[in-house]
Structures are given as C-alpha cells and as structure tokens.
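Below, each chain spelled out in residue letters.
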Amino acid sequence: MSSTKLRVAICGGGIGGLTLAVALSKYPDIEVDVYEAAERFREIGAGVMIWERTWRILTELGMSSEFSSIAHAPPDGSMGVGFDYRKSDQPQEGIPFYLFALPYGCIRFHRAHFLDVLVERLPSGVAHFGKRLQLYTRPGSDGPLILSFADGSRAQCDLLVGCDGIKSVVRRQMLQEKATSEGRPELLDYIEPFWSGSIAYRGLVPVARLTREDGSQHRTIASPMMYCGKSKHVVSYSISSGSIVNVVALTSRPQLEGSPYEGLWVIECDQQELLDCYSDWEPEVVEMLKCIEKPTRWALHQLRPLPCYTSSRVVLLGDAAHAMTPHQGAGAGQAIEDAFVLAGVLGHSSTTLGCLRDALEAYERVRLPLANHVLDGSRLSGMMYEFNGAQGGDLHTLGPAIGKQWDWLKETTPQGELERALHILNARMTEVVLAKL
Ligand SMILES: Cc1cc2nc3c(=O)[nH]c(=O)nc-3n(C[C@H](O)[C@H](O)[C@H](O)COP(=O)(O)OP(=O)(O)OC[C@H]3O[C@@H](n4cnc5c(N)ncnc54)[C@H](O)[C@@H]3O)c2cc1C
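Residues numbered from 1 in each chain as written. Predicted model: local features only at pLDDT ≥ 70, side-chain atom pairs only at ≥ 80, totals over all residues. Heavy atoms only, no water.

Labelled according to an unreviewed UniProt entry, the protein appears under the name FAD/NAD-P-binding domain-containing protein, originating from Obba rivulosa.

Near the ligand there are 30 residues, and of these Gly16, Glu36, Arg111, Asp319 and Ala332 occur at the shortest range. Contact distances for the ligand include 2.9 Å between a nitrogen atom and a backbone N or O atom of Leu133. In the complex, 85% of the free accessible area of the ligand, which totals 1,000 Å², lies under the protein chains. At the level of secondary structure, the elements contributing two or more residues to the shell around the ligand comprise helix 1 (15–24), strand 2 (30–36), strand 3 (47–51) and helix 9 (331–347). When residues in the shell around the ligand are grouped by element, the largest group, three residues, is from helix 9. Considered class by class, the residues forming the shell around the ligand number 14 nonpolar, nine polar and seven charged. When we break the shell around the ligand down by domain, the ones giving at least three residues each are domain 1 (6–45 + 117–193 + 308–436) and domain 2 (200–302). (Near = heavy atom within 4 Å. Polar contact = N/O pair within 3.5 Å; in protein donor to acceptor, adjacent residues only side chain to side chain. Areas by Shrake-Rupley, 256 points an atom, 1.4 Å probe, with all protein chains shown as cover. Helix = DSSP H or I, 4+ residues; strand = E, 2+ residues; numbered from the N terminus. Nonpolar A, V, L, I, M, F, W, Y, C, P; charged D, E, K, R; others polar. Domains from an automatic or database assignment.)

It is worth spelling out the sheet that holds strand 8 (residues 133–137) at this point. Backbone hydrogen bonds are what pair the strands of a sheet, in a parallel or an antiparallel way. Ordered by their spatial adjacency, three strands build an open sheet running 8-9-10, and the pairing between neighbours is antiparallel. Every interior strand has two partners, whereas the edge strands, strand 8 and strand 10 (154–157), have only one. The average undirected angle you get between the axes of adjacent strands in this sheet is 25 degrees. (Pairing = 2+ DSSP bridges. Axes fitted to C-alpha atoms, helices over the stretch in contact; angles between N-to-C directions.)

Under the defined criterion, the tally for this structure stands at 11 aromatic pairs. Summarising the aromatic geometry, the rings of Phe41 and Phe129 are spaced 4.7 Å apart at their centres and angled 70 degrees between planes, so their arrangement reads as edge-to-face. Highlighted residues: Phe41 in the loop between strand 2 and strand 3 and Phe129 in strand 7 (residues 127–129), separated in sequence by 88 residues. With a relative accessible area of 13%, Phe41 lands in the buried category. (Phe/Tyr/Trp six-rings, centres within 6.5 Å; stacked < 30°, edge-to-face > 60°. Buried < 20%, exposed > 50% of the residue type's maximum accessible area, 1.4 Å probe, protein only.)

Structure, rendered in structure tokens:
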C-alpha cells in the first residue's frame with residue numbers, strides 16, 4: 001500500500017514555488033512535483049531584501065547557514081541595518097532633510113544566489129522543466145486533477161498550487177470557474193494585473209565604482225538608502241558581501257494608475273533616459289545613477305487584493321495570489337510566508353485528502369488578510385515616498401506615517417500565523433466529527 005497521503009503539483013519554480021517544495025520535502029507522505037515553464041530555474045540579476053520575520057522562516061526550514069553565507073548584512077543579532085529616508089529632489093534648498101530612519105533591519109541578497117540555495121535543497125527528481133501549464137481538468141468530482149502542458153504532456157495531482165507569478169494561468173482558470181460555479185461574476189475583475197502608473201529603472205553597480213578618488217565612499221555602501229522626491233524615489237542597498245549595490249529608481253504618474261500599459265513590461269533602455277529623469281536631483285543620487293550603464297526599465301504592475309486564494313483542489317501562492325508593488329520589499333517575503341503556512345497545514349498529521357478543502361481554507365483565512373494588507377500598504381508607502389499620499393509633501397508628518405505602514409512586521413509572527421491556521425483546521429475537524437455523531 002502506498003504511504004503517500006497527498007500528491008502536490010507546484011506550478012512555477014520561483015522563490016515561492018521552490019520554498020514550498022523545500023518546506024514540503026520534510027513530510028515523507030507528501031509527494032511533490034515542481035513544473036517550471038523555463039528550461040531551468042532562474043532569477044534576474046538584481047537584489048532582493050527580506051525582513052527578520054522571513055529570515056526566521058528560512059532558519060526554521062534549516063537553511064540559516066546557507067543563507068547566512070550569501071546574506072548582506074548577515075543577521076548578527078541586530079538583524080541588519082534599516083533604511084535612511086531623505087528628501088533629494090531639490091538640492092538647492094540646502095541641507096538634505098532626513099525624513100525618517102526605519103527601525104527595522106533588512107537582510108539583502110543577490111536574487112540568483114538566493115534561488116541557488118533553494119535549488120540546492122530540492123530533492124532530486126522533483127523538478128520538471130519546459131512544462132508550461134495551460135489548463136487543469138478534473139474528470140471526476142472526487143478524482144485527481146489532470147494538468148495539461150504546452151508541450152502536449154500531462155500529469156496528475158491531488159492538489160495544484162499556482163506559484164506561477166503575476167500573470168498566473170492558475171489564477172485565471174480558478175477565478176473563471178469560481179465565477180461561473182458560484183454565480184460571482186465580480187471575481188473576473190481580479191484576474192488581470194493592472195499598471196501601477198510607476199516605472200522602475202534597475203541596475204547593479206560594483207562598489208569599486210562608488211569609491212571616489214579621495215578614498216571616500218558613497219553613503220549607500222554603509223546604509224540602505226531611500227531617496228525621496230515628488231513623484232520619484234530611488235532605493236539603493238549593497239548585496240553580495242557588500243561588493244555590489246542594487247539600485248531601483250522609480251518615477252510615477254499616479255493619474256495613470258489602472259490605465260493599460262502599452263509595450264513590454266521589462267525592457268533594456270538607455271542610460272541617458274534614466275539620467276534625464278533625475279538630472280535635477282542631489283549629486284549623490286546622480287553620481288550613483290551614472291554608474292548604471294545598462295538599466296532595465298520595468299513597468300510595475302500589481303493585483304487588486306483577491307477575495308479568495310483557493311477553490312476545491314487548487315490554491316494560489318506568492319505573486320499569483322498577491323502580486324504587489326515593491327515599495328515595502330515584501331513580495332518575495334510574503335511568498336515565503338505563504339509557503340511556510342501552506343506546508344505546515346498540508347503536512348499536519350491530521351490533514352488527509354478528505355479534509356484538504358478545510359486545510360486550504362485555514363491557509364486562506366490566515367494568509368489572505370495579511371498578504372492583502374501588505375499589498376495595500378506597499379501601494380500607500382510608494383505614494384508617501386513620492387509625496388503623493390494623504391500627507392503630501394509635509395516632511396514632518398511623513399516620517400511617522402511611513403513608519404506606521406511597517407507595523408505588520410512586528411504585529412504577528414509567521415510561526416504564530418501557522419499556529420492560528422492549525423487551530424482553525426483542528427476546530428473545523430472537531431466540528432465535522434461532532435456533526436457525524
Ligand atoms: C523592482 C522590484 C523589486 C522587488 N524587490 C523585492 C524585495 O526586495 N523583497 C521582496 O520580498 N520582494 C521584492 N519584489 C517582489 C518579488 O520579486 C516577487 O514578489 C517574487 O519574486 C514573487 O515570487 P513568485 O515565486 O511568487 O513568482 P515568480 O518569481 O514570478 O515565479 C513564477 C515562476 O513561474 C513560472 N511560470 C509562469 N507561468 C508558468 C506556467 N504557466 N507553467 C509553469 N511555470 C510557469 C515562471 O517561469 C517563474 O519561474 C520586487 C519586485 C520588483 C518588481
């Protein structure tokens with residue numbers, strides 16, 4: 001007799017999908033397959049930062065030493081350095097105005113190195129490449145799901161986890177079917193991501209280029225920086241043992257939020273386009289941007305906060321569920337929190353195929369409110385950094401208002417959230433047992 005209680009298919013091998021695969025690999029009775037559309041796992045050449053609560057998950061999953069060896073600044077008890085926010089758009093006004101110092105440290109990585117650690121931890125035989133999911137079907141009401149891929153192949157599973165990013169095909173089909181079967185046409189409004197009205201120029205700069213002839217160094221080498229100004233902001237922090245600085249320079253037209261974005265979402269562009277955008281900013285910013293020879297230009301899209309993450313044998317995770325703007329450096333962290341909680345409820349000894357729906361609902365009840373809160377908070381934070389929020393350019397009220405957006409970092413812990421999900425699941429199972437008596 002097979003000892004497998006659940007066959008889980010993970011669609012998409014980004015940070016979210018791979019973290020889930022690693023987290024599930026500790027349960028011998030769960031069979032895992034990762035179906036990735038690309039020919040290999042890959043991340044872009046850019047930085048990614050996480051917060052202490054995400055770090056604790058990586059530690060709990062037994063990966064702290066691998067992540068410590070590639071982290072900058074590695075956690076040393078103080079959990080890294082926080083961002084300094086300063087006003088940078090009108091240098092002629094005199095001494096730069098420090099808006100705020102974020103009291104939470106961030107831990108920073110090169111994305112490719114981050115993904116490599118997860119790939120290393122993946123059990124062999126789990127990954128399948130060149131598998132672009134097109135649709136799933138469920139021939140019998142109680143039977144497995146059949147997955148159909150673009151290469152003509154098929155696979156079976158008991159549970160499909162859509163980790164296929166912002167343009168998720170799993171989200172599309174799930175919401176379409178739910179809209180029909182539950183008579184909720186409004187769910188169709190949540191399928192398509194929308195343009196946030198912001199463009200981000202991204203680049204990596206070797207630290208050596210930010211060391212001046214007199215030996216002095218650019219401020220961002222020592223501290224993550226958030227340079228703020230009207231309808232623009234620039235984020236910079238060092239990664240890769242402090243040898244590289246990750247730069248994201250944003251420019252926004254809030255009135256265009258929600259309008260269609262014409263053209264490719266990601267494209268290489270001229271350095272001059274970037275420099276023209278910030279030509280009147282303080283020299284410290286311009287000095288850094290001049291070191292980005294080949295910026296990439298990203299049209300930042302996001303989702304409306306979804307009203308549901310699951311339906312029957314299908315569940316969403318990461319950007320497929322809550323793609324957000326990057327203004328709180330939290331999209332990947334939220335994907336990791338999803339993976340941690342979902343693996344915990346699926347792996348729980350009392351979760352079986354028969355109560356899968358209850359397990360998924362427990363996941364959704366815990367993860368949806370928090371991830372959607374961070375999604376909304378990211379948008380609001382971006383507006384504040386660019387003086388387009390409720391405080392406008394009032395420099396004295398902006399700092400505390402920005403700080404408040406981060407309260408979620410300390411209000412809960414992922415471990416506490418998992419306990420809450422298990423509590424919901426256990427209570428539901430008790431209800432079911434009592435109903436049968
Ligand atoms: C400018 C910018 C800066 C950011 N900075 C940060 C940060 O500092 N910290 C942070 O936490 N977050 C940050 N984010 C957000 C973060 O990058 C994302 O939230 C995170 O990468 C999402 O991971 P994911 O695994 O859910 O999706 P993805 O990384 O998009 O992975 C999806 C995977 O699914 C695959 N796929 C897609 N369709 C299919 C299909 N049909 N079949 C099979 N496979 C498929 C793709 O090939 C891909 O491998 C930033 C985002 C941006 C735009």
